[in-house]
Amino acid sequence: MHSEAVASRSADQRDSSRESRNGTPQLDAVSLAIIQQLQEDGRRPYAAIGKAVGLSEAAVRQRVQKLLDQGVMQIVAVTDPLTVGFRRQAMVGINVEGDVESIADALTDMSEVEYVVMTAGSFDILAEIVCEDDDHLLDVINKRIRSLPGVRSTESFVYLKLKKQTYMWGTR
């Protein structure tokens, strides 16, 4: 009896996300199912998630905390920028001379920049910017981004209408 309880307990507490050779967590099917449950409803109770994935509420709470601590996921409220006063969004392609990483770091420090990715292709960096209006966008691009040492050129893609934005790709 004692060995069954220990085996059951260790099965619930086993490492649900071991690291792969490149240092990124490898997620098991249960952790992926928990993520999917939270993507459908970020406020879903741990007891309901546990019922759906076959774990206790405590085991779900422990796994969620581990996923958060490892940076595998975040639980956040996503707003529609238009409803909170940000009427202008744009993707800005940036070409750089020299160190791309330092420019990407400088962009991440700007509060208006929501997304930064270093790329291979026509641009060295793509940055998504969320601003109050066109004047604010112009100020960010002209006075803050273009003035960074090493920025060679920028090209702006102003959003006219957002048709789709989803965060459900995490468990496909």
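Heads up: the structure comes first, above all this text.
Residues numbered from 1 in each chain as written. Predicted model: local features only at pLDDT ≥ 70, side-chain atom pairs only at ≥ 80, totals over all residues. Heavy atoms only, no water.

S.K.: Give me the lowdown on the environment of Leu148, citing residues and values where you can.
M.R.: One can find Leu148 in the loop between helix H6 (134-145) and strand E4 (151-158). C-alpha separation for the pair Leu148 and Ile103, spaced 45 residues apart in sequence, amounts to 7.2 Å. Other than its neighbours up to four places away in sequence, Leu148 contacts Ile103, Ala106, Leu107 and Met110. (Helix = DSSP H or I, 4+ residues; strand = E, 2+ residues; numbered from the N terminus. Contact = heavy atoms within 4.5 Å.)

S.K.: Lay out a negative patch on the surface in plain terms, naming residues and giving numbers.
M.R.: Taken together, the side chains of Asp99, Glu101, Asp105 and Asp109 define an acidic patch exposed on the protein surface. Its location among the elements puts Asp99 in the loop between strand E1 (88-96) and helix H5 (100-108). Taking the relative accessible area as the measure of exposure, Asp99 reaches 48% and is therefore partly exposed. (Patch = residues over 30% accessible without salt bridge, like charges linked within 9 Å, V, L, I, M, F, W, Y side chains within 5 Å. Areas by Shrake-Rupley, 256 points an atom, 1.4 Å probe, with all protein chains shown as cover. Salt bridge = Lys/Arg side-chain N within 4 Å of Asp/Glu carboxyl O. Lys, Arg positive; Asp, Glu negative; His and termini not counted. Charge placed at Lys NZ, Arg CZ, Asp CG, Glu CD. Buried < 20%, exposed > 50% of the residue type's maximum accessible area, 1.4 Å probe, protein only.)

S.K.: An account of the environment of Tyr159 is needed here, citing residue identities and associated values.
M.R.: With respect to the helices and strands, the residue Tyr159 is situated in the segment after E4. Tyr159 gets classed as partly exposed once you look at its relative accessible area, which sits at 23%. Put simply, Tyr159 and Arg87 are 72 residues apart on the chain and 9.8 Å apart in space, counted from C-alpha to C-alpha. A distance of 2.8 Å separates polar atoms of two side chains, one belonging to Tyr159 and the other to Glu128. (Polar contact = N/O pair within 3.5 Å; in protein donor to acceptor, adjacent residues only side chain to side chain.)

S.K.: Give a description of the packing of aromatic side chains that names residues and reports values.
M.R.: Scanning the model with the defined rule gives one aromatic pair in all. Summarising the aromatic geometry, the rings of Phe123 and Phe157 are spaced 6.2 Å apart at their centres and angled 85° between planes, so their arrangement reads as edge-to-face. Here Phe123, found in the loop between strand E2 (113-118) and strand E3 (125-131), pairs with Phe157, found in strand E4; they are 34 residues apart in sequence, far enough to count as distant. Of the residues examined, Phe123 reaches a relative accessible area of 15% and is grouped as buried. Phe157 sits in the partly exposed class, given a relative accessible area of 37%. (Phe/Tyr/Trp six-rings, centres within 6.5 Å; stacked < 30°, edge-to-face > 60°.)

S.K.: So, the nonpolar core: which residues are in play, and what are the values?
M.R.: For soluble globular proteins, nonpolar side chains are generally found buried alongside one another. Ile94, Ile103, Leu107, Ile125, Ile129 and Ile145 are the most contacted members of the largest nonpolar core, which has 19 residues in total. Secondary-structure elements contributing two or more residues to this core are E1, H5, E3 and H6. Sequence-distant contacts of Ile103, that is, excluding residues within four places in its chain, are made with Val96, Ile125, Leu148, Pro149, Gly150 and Val151. (Core = buried A, V, L, I, M, F, W, Y, C linked by side-chain atoms within 4.5 Å.)

S.K.: Tell me about the side chain of Thr154, residues and numbers included.
M.R.: As for its position among the elements, Thr154 is in strand E4. Overall, the relative accessible area of 18% leaves Thr154 in the buried class. Polar side-chain contacts of Thr154 include one of 2.9 Å to the side chain of Arg146. Beyond its immediate chain neighbours, meaning those up to four positions away, Thr154 contacts Val92, Gly93, Ile94, Ile141, Ile145 and Arg146.

S.K.: An account of the side chain of His136 is requested, with residue identities and associated values reported.
M.R.: Summarising the element assignment, His136 is placed in helix H6. Side-chain polar atoms of His136 contact the side chain of Glu112, separated by 3.0 Å. Sequence-distant contacts of His136, defined by excluding residues within four places in its chain, comprise Glu112 and Cys131.

S.K.: Account for the pattern of salt bridges, naming residues and giving values.
M.R.: Counted under the stated rule, the structure contains six salt bridges. Here Arg61 and Glu57 are joined by a salt bridge, their closest N and O atoms 2.9 Å apart. Taken as a pair, Arg61 and Glu57 lie in helix H4 (residues 57-69) at a separation of four residues, close to a single helical turn. Here Arg88 and Asp134 are joined by a salt bridge, their closest N and O atoms 2.5 Å apart. Here the residue Arg88 occupies a position in strand E1, and Asp134 occupies one in helix H6, the gap between them amounting to 46 residues. You can call Arg88 buried: its relative accessible area is 17%. The class for Asp134 is partly exposed, based on a relative accessible area of 46%.

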